[in-house]
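Listed below, chain by chain, are the residues.
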Amino acid sequence: MSPGLGGGVSREAREPPGVRWCRPRPDASILGATPALEASIDRPSFDDLGIATARLWATRSPDPKVQVGACLLDSWHRVVGVGYNGRAAGEPNERESLDQGHSGFIHAEVNALLAANWNGDQHTLYVTHEPCATCARLIINSRRVLRVVYDQGYTELARESSGLPSGAAILGDAGIAVEHWQS
């Protein structure tokens, strides 16, 4: 418990169960802003922030061929997990092969799902690249991701030449919303 308002009792202890506390947004007129000024403020959307965060984490990847990042947001748009493609902890950060699907790296989506501090069931996963088929199935099995937003397309050549569905198609067939992000 922190001292301050409420006689040393935490805010959470003062609130009835089930009530979420949030700070009220000040009225723009109190701050001297006109409606035109308020409308001209350009704030990024949560999708913009999710993709930007995924891109930032992609820069951590040691992969010389493709750097992938992922960011998992809960239904309140809070970051609950991030990841990038790289080797397992303690292994050398070296790619095993330049052939598609044989890098030896754990995918960004998997690392984000493993690192997640899950908060409910309605999460959105932002990824710099369209998930592969294996990652799509892992996302489905998490049972907590309702939407996947990706920045760049990704084609698994072996799956495409065999007529097998892409990761995005697998997600869509499972009822997960898939969106190719457009800025």
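Fair warning: this is a prediction, and the values are worked out from it, not measured in the lab.

Caption draft 1: Structural context of the packing of aromatic side chains. Counting across every chain of the model gives 1 aromatic pair. Here Trp57 and Tyr84 contribute two aromatic rings whose centre-to-centre distance is 6.2 Å and whose plane-to-plane angle is 15°, an arrangement assigned as stacked. Taken together, the residues Trp57 in helix H3 (residues 46-58) and Tyr84 in strand E2 (residues 79-84) connect sequence positions 27 residues apart. Since its relative accessible area comes to 22%, Tyr84 is described here as partly exposed.

Caption draft 2: Representation of the pairing of E2 within the structure. Here strand E1 (residues 69-73) runs beside E2; their pairing, made up of 5 bridges, is antiparallel. When the sheet's bridge partners are listed, Leu72 is paired in E2 with Gly81.

Caption draft 3: Fine view of the side chain of Asp74. One can find Asp74 in the loop between E1 and E2. Polar side-chain contacts of Asp74 include one of 2.9 Å to the backbone nitrogen of Trp76. Residues in contact with Asp74, not counting those within four places in the same chain, are Val80, Asn119, Gln122 and His123.

Caption draft 4: Structural context of the state of the cysteines. Applying the stated criterion to the full structure yields 0 disulfides. Not part of a disulfide, Cys132 finds its nearest cysteine sulfur in Cys135, a span of 3.7 Å. Look at Cys132 and you get buried, because its relative accessible area is 7%. Look at Cys135 and you get buried, because its relative accessible area is 3%.

Rules and cut-offs
- Residues numbered from 1 in each chain as written.
- Predicted model: local features only at pLDDT ≥ 70, side-chain atom pairs only at ≥ 80, totals over all residues.
- Heavy atoms only, no water.
- Phe/Tyr/Trp six-rings, centres within 6.5 Å; stacked < 30°, edge-to-face > 60°.
- Helix = DSSP H or I, 4+ residues; strand = E, 2+ residues; numbered from the N terminus.
- Buried < 20%, exposed > 50% of the residue type's maximum accessible area, 1.4 Å probe, protein only.
- Pairing = 2+ DSSP bridges.
- Polar contact = N/O pair within 3.5 Å; in protein donor to acceptor, adjacent residues only side chain to side chain.
- Contact = heavy atoms within 4.5 Å.
- Disulfide = S-S within 2.5 Å.

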